[in-house]
Amino acid sequence: MSVHEIKTKVLGYPRIGQERQLKKATESYWKGEITLEALKQAGQQIRKDNWLKQKAAGIDFVPSNDFSYYDQMLDMSCLLGNVPARFQWDGKTIDLDTLFFMARGLRPGATAKSTTTACEMTKWFDTNYHYIVPEYSASTNFTLSSTKVFDEFKEAKELGIVTVPVLIGPVTYLLLGKGPTGFDPLSLLDKLLPVYEDILKRLSALGAEWVQIDEPVFALDLTGRQLETIKKTYERLSKTAGVKLIVATYFGELRANLQTFAQLPVAALHIDAVRGTGEVTEVARSIGGQKLLSVGVIDGRNIWKNDFTASLEILNQTKSIIGARLIVSPSCSLIHTPITLDQEPKLDAELKNWMAFAEQKLQELVQLRGLLDGTTGKDVLAANSQAISSRVTSKRIHKEEVAKRVKAVQQKDLNRASAFPQRRAVQINRLHLPLFPTTTIGSFPQTTEVRNLRSQWKKNAIDTKQYEAAMEAEIKRCVEIQHEIGIDMLVHGEFERNDMVEYFGEQLEGFTFTANGWVQSYGSRYVKPPVIFGDVYRPKPMTVRWSAFAQTLTKKPMKGMLTGPVTISQWSFVRDDQPRSQTVKQIALAIRDEVLDLEKAGIAAIQIDEPALREGLPLRKQDWLAYLRWAVDAFRLSCSGVKDETQVHTHMCYAQFNDIIEAIADLDADVISVETSRSNMELLGAFESFRYPNEIGPGVYDIHSPRVPETAEMVDLLTKASRVLPAEHIWVNPDCGLKTRGWPEVKQALKNMVAAAQQMRTRVKVLS
Ligand code: GLN
Ligand code: ZN
């Protein structure tokens, strides 16, 4: 450790490798192209690089076991020997193949026959990272079953680094898992804690001084009983001899959980001082006279340079309360940020100077500590202040026009001219749709040819004229196929789009893109989110050209296709110099411009996708209403400029609506399409107690599976739907876009879907 009294700490470091080595190695291993040994070597190399990098940067508390071949929650399930029976685990030490089997439902190297349902995956708090959900029931037993955490500790020690092993805490592990309805997961603690004690003892025996235990559930609403249980849990674990515990919370404020957290009987605590800035001093005052406090002032979830002046104010205040028991750290694990700006040669210097990726954040930590204890020169602070203030005043960020427009938004801009029933009457006259109209969600299969076309055009291998002609040919083919199948409302197919957010970001001002800014989304899937750095506006139409062309090919209505403002922000790195709601409002105005241009071009129906609306929900229930208010308003702002005769659609790919159904209705889209086929119309429960006022297309074709659904199945789903929804409000469509599917299956499935709609029509006629 360094000679500094005040220490620096990292909670977790990106594990995908600077060249995305882990993805390449893992996927090659799954395909049988490399051996398990080769995969393990790739992992070992990444860990070694990460440890040495952090050490060299001057980090005192360097983590281990933050590495994972798939996911840290899954690693925890393996460590605890919690493997669902369907994976037929032999009870011995869990190997990587079993771990991959759980994650993917397929054993590496096994035939497709030896598959089973993979473990469920879900979002890690409000990040875009997904974890593998632990499964348990009252009869679940836990036994120490993996050596990963010990092996990696030893591995680092051999490099001369005594790391801080990271574990997911027992309470978070259980509360984020899934058991039978009504089952209290914390009732398993008595069986679980002996394994944790065992792990801690072994780590201590190997020479670990500290162990970091992550309990981010402290950022959630917890009951008094749960808080009491957490307290008891740590009273027990803290008695494990030889090792000091640092319990970490992140992703939000502590609020009512603050005192319980601050008084946990452990050696150190970590808090998220980015999202919980206002609580830092209260925590510092409440931790007692012994504990260390790690203050996460550097944003682990975003890519902006830290404002040293602001951070130093928090750190100095804390220091005045707890002295040198202070640790400087990022707010959370750095797995949520890209690895390094050094790999961004094309990013222009001014923008780059406002950013910090994981590697730059290491430097920031050490510099901040240096500024605190006076070992870093004031020139570092001056350079930082300079960068921060150039961002505050930059004309590249702040556009007067945008600010004016946002300010001028009025309530009337959020409302359609007439209420739904009146609009509906006009739309029926214009669109001439049958009962149970059929449509799709937007994208059609993205074949290799289509992807090649786009990349050739980007590389200037073909010129714009050639590109547009080729795209038009694709659209034409797609329209012909839809005609042939007999779809009622057509789409152009979205062949020109790589990604539903990136496509719009590239055409809007205020966005920039990285070359290598990858972050793990789940397993071997990484994403490269756009960066929203400045005021957003639309310099010129983005989609009109394609939609207008497609409309010339058919007399049937061609649906325009846009991504909504909430989703665009949710899947990007957003500005930290204004509230997200403000950024979203700017995007909404840009989308509004596009909507109006589509209308002007004669497009009679426009779909604005908001698949990320639900995932933007805050962690605390108390904050939901405020979020839903501005999110719904943003959607309404984006679409309400149109005339009554223009039909607004929206789409969301999930069915968990029960708790936000009123907000969904409040979007006031004329038509909404949602996921329901996987959950067998589970969603419909929400409509039994709440009468959804507008039209709705409950997805009848699960596009996540290559299986072609039979007509009868879809008729069955539609029949279920017509029991709770008026038949004249029901649309017939797949669950989501078709871009990941192949043409033959799509054609057959859509034919069956159209046949299902026809059967429904005849049936309703007979009844009436
Ligand atoms: N319109 C988009 C598509 O069809 C919607 C994608 C989504 O909901 N994720 O691909
Ligand atoms: Zn979808």
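Here is a short report on the structure shown in this document. Fair warning: this is a prediction, and the values are worked out from it, not measured in the lab.

Here's the deal with the overall build of the chain
Thought 1: Scanning the chain from terminus to terminus reveals 27 helices and 19 strands.
Thought 2: Oriented by its inertia axes, the alpha-carbon framework of the chain measures out at about 80 × 60 × 55 Å.
Thought 3: In the chain, the share of contacts with a sequence separation of at least 24, taken over all contacts with a separation of at least 6, comes to 78%.
Thought 4: Total accessible area computed for the chain in this model is approximately 30200 Å², and 51% of it derives from carbon and sulfur atoms.
Thought 5: Separation between the mean location of the 95 positive side-chain charges and that of the 92 negative ones in the chain comes to 1 Å.

Description of the sheet that holds strand E8 (residues 268–272)
Thought 1: Spatial ordering of the open sheet is given by E1-E10-E9-E8-E7-E6-E5-E2, a layout of 8 strands whose pairing is parallel. The open sheet has two free edges, formed respectively by strand E1 (7–8) and strand E2 (63–64), since each of these has just one partner strand.
Thought 2: Bridging between strand E6 (residues 210–214) and strand E7 (residues 244–248) involves 5 bridges; their strand directions are parallel. Along E7, the bridge assignment pairs glutamine 212 with isoleucine 246.

Brief notes about unusual backbone geometry
Thought 1: Within the chain, arginine 20 stands out as a residue other than glycine whose phi angle is a positive 55°.
Thought 2: Given a relative accessible area of 23%, arginine 20 falls into the partly exposed group.
Thought 3: One non-glycine residue, asparagine 460, lies in positive phi territory at about 65°.
Thought 4: With respect to the helices and strands, the residue asparagine 460 is situated in the loop between helix H17 (448–458) and helix H18 (464–485).

Quick word on the packing of helix H11 (residues 308–322) against helix H13 (residues 358–373)
Thought 1: Here H11 crosses H13 at 55°, and the two axes come no closer than 10 Å. Judged by the angle between their axes, H11 and H13 are oblique. Read as a crossing pair, H11 and H13 show a hand that is right-handed. For the pair formed by H11 and H13, the contact residues are Phe308, Ser311, Leu312, Leu315, Asn316 and Lys319 on the first element and Glu364, Gln367, Leu368, Leu371 and Leu372 on the second.
Thought 2: Considered class by class, the residues forming the contact of H11 with H13 number 6 nonpolar, 3 polar and 2 charged.

Topic: H13
Thought 1: Across its 16 residues, H13 extends 23 Å between first and last C-alpha, which sits within 8% of the 22 Å expected from 1.5 Å per residue.
Thought 2: Counting buried positions along H13 gives 12 out of 16 residues, so the element sits mostly inside the fold.
Thought 3: Residues of H13 that are buried make contact with E1, helix H2 (36–57), strand E9 (292–298), H11, strand E10 (326–330) and helix H14 (378–393).
Thought 4: A positive phi of about 80° marks glycine 374, the residue just after H13.

Let's talk about the coordination of the zinc ion (ligand 2)
Thought 1: The zinc ion (ligand 2) binds to the protein through His651 (NE2), Cys653 (SG) and Cys736 (SG); the donor distances cover 2.0 to 2.2 Å.
Thought 2: By relative accessible area, which is 2% here, histidine 651 ends up buried.

Regarding the site of ligand 1
Thought 1: What surrounds ligand 1 is the set Ile441, Gly442, Ser443, Glu494, Met500, Asp609, Pro611, His651, Cys653, Cys736 and Gly737.
Thought 2: Here isoleucine 441 contributes a backbone N or O atom positioned 3.1 Å from a nitrogen atom of ligand 1.
Thought 3: The protein chains hide 92% of the 300 Å² of surface that ligand 1 would expose on its own.

Some details on helix H23 (residues 624–639)
Thought 1: Between its first and last C-alpha atoms H23 spans 23 Å; for 16 residues at 1.5 Å apiece the expected length is 22 Å, and the two agree.
Thought 2: Here H23 has its buried residues at Trp624, Tyr627, Leu628, Ala631, Val632, Ala634, Phe635, Arg636, Leu637, Ser638 and Cys639.
Thought 3: Lining the buried residues of H23 we find helix H21 (565–570), helix H22 (580–600), strand E16 (605–609), strand E17 (647–652) and helix H24 (661–666).

Regarding the packing of aromatic side chains
Thought 1: Within this structure, the stated rule accounts for 18 aromatic pairs.
Thought 2: With 6.2 Å between their ring centres and 45° between their planes, tyrosine 29 and phenylalanine 100 make a pair best called tilted. Residue tyrosine 29 is found in helix H1 (residues 21–30), and its partner phenylalanine 100 is found in helix H4 (residues 96–104); the two are separated by 71 residues along the sequence.
Thought 3: Residue classification places phenylalanine 100 among the buried residues on the basis of a relative accessible area of 0%.
Thought 4: A connected cluster of aromatic rings, assembled from ring pairs, spans Trp124, Phe125, Tyr131, Tyr250 and Phe251.
Thought 5: The ring of phenylalanine 67 is capped by arginine 47, whose NZ or CZ atom sits 4.8 Å from the centre of that ring.
Thought 6: Over the face of the ring belonging to tryptophan 518 we find lysine 528, whose NZ or CZ atom lies 5.5 Å from the ring centre.

Thresholds applied
Residues numbered from 1 in each chain as written. Chains lettered and ligands numbered in written order. Predicted model: local features only at pLDDT ≥ 70, side-chain atom pairs only at ≥ 80, totals over all residues. Heavy atoms only, no water. Helix = DSSP H or I, 4+ residues; strand = E, 2+ residues; numbered from the N terminus. Contact = heavy atoms within 4.5 Å. Areas by Shrake-Rupley, 256 points an atom, 1.4 Å probe, with all protein chains shown as cover. Lys, Arg positive; Asp, Glu negative; His and termini not counted. Charge placed at Lys NZ, Arg CZ, Asp CG, Glu CD. Pairing = 2+ DSSP bridges. Buried < 20%, exposed > 50% of the residue type's maximum accessible area, 1.4 Å probe, protein only. Axes fitted to C-alpha atoms, helices over the stretch in contact; angles between N-to-C directions. Parallel < 35°, antiparallel > 145°, perpendicular 65-115°, else oblique. Left-handed = near helix turned anticlockwise from the far one by under 90°. Nonpolar A, V, L, I, M, F, W, Y, C, P; charged D, E, K, R; others polar. Expected span 1.5 Å × (residues − 1). Donors = N, O, S within 2.8 Å, 3.2 Å for Na, K, Ca; no water. Near = heavy atom within 4 Å. Polar contact = N/O pair within 3.5 Å; in protein donor to acceptor, adjacent residues only side chain to side chain. Phe/Tyr/Trp six-rings, centres within 6.5 Å; stacked < 30°, edge-to-face > 60°. Lys NZ or Arg CZ within 6 Å of the ring centre and 35° of its normal.

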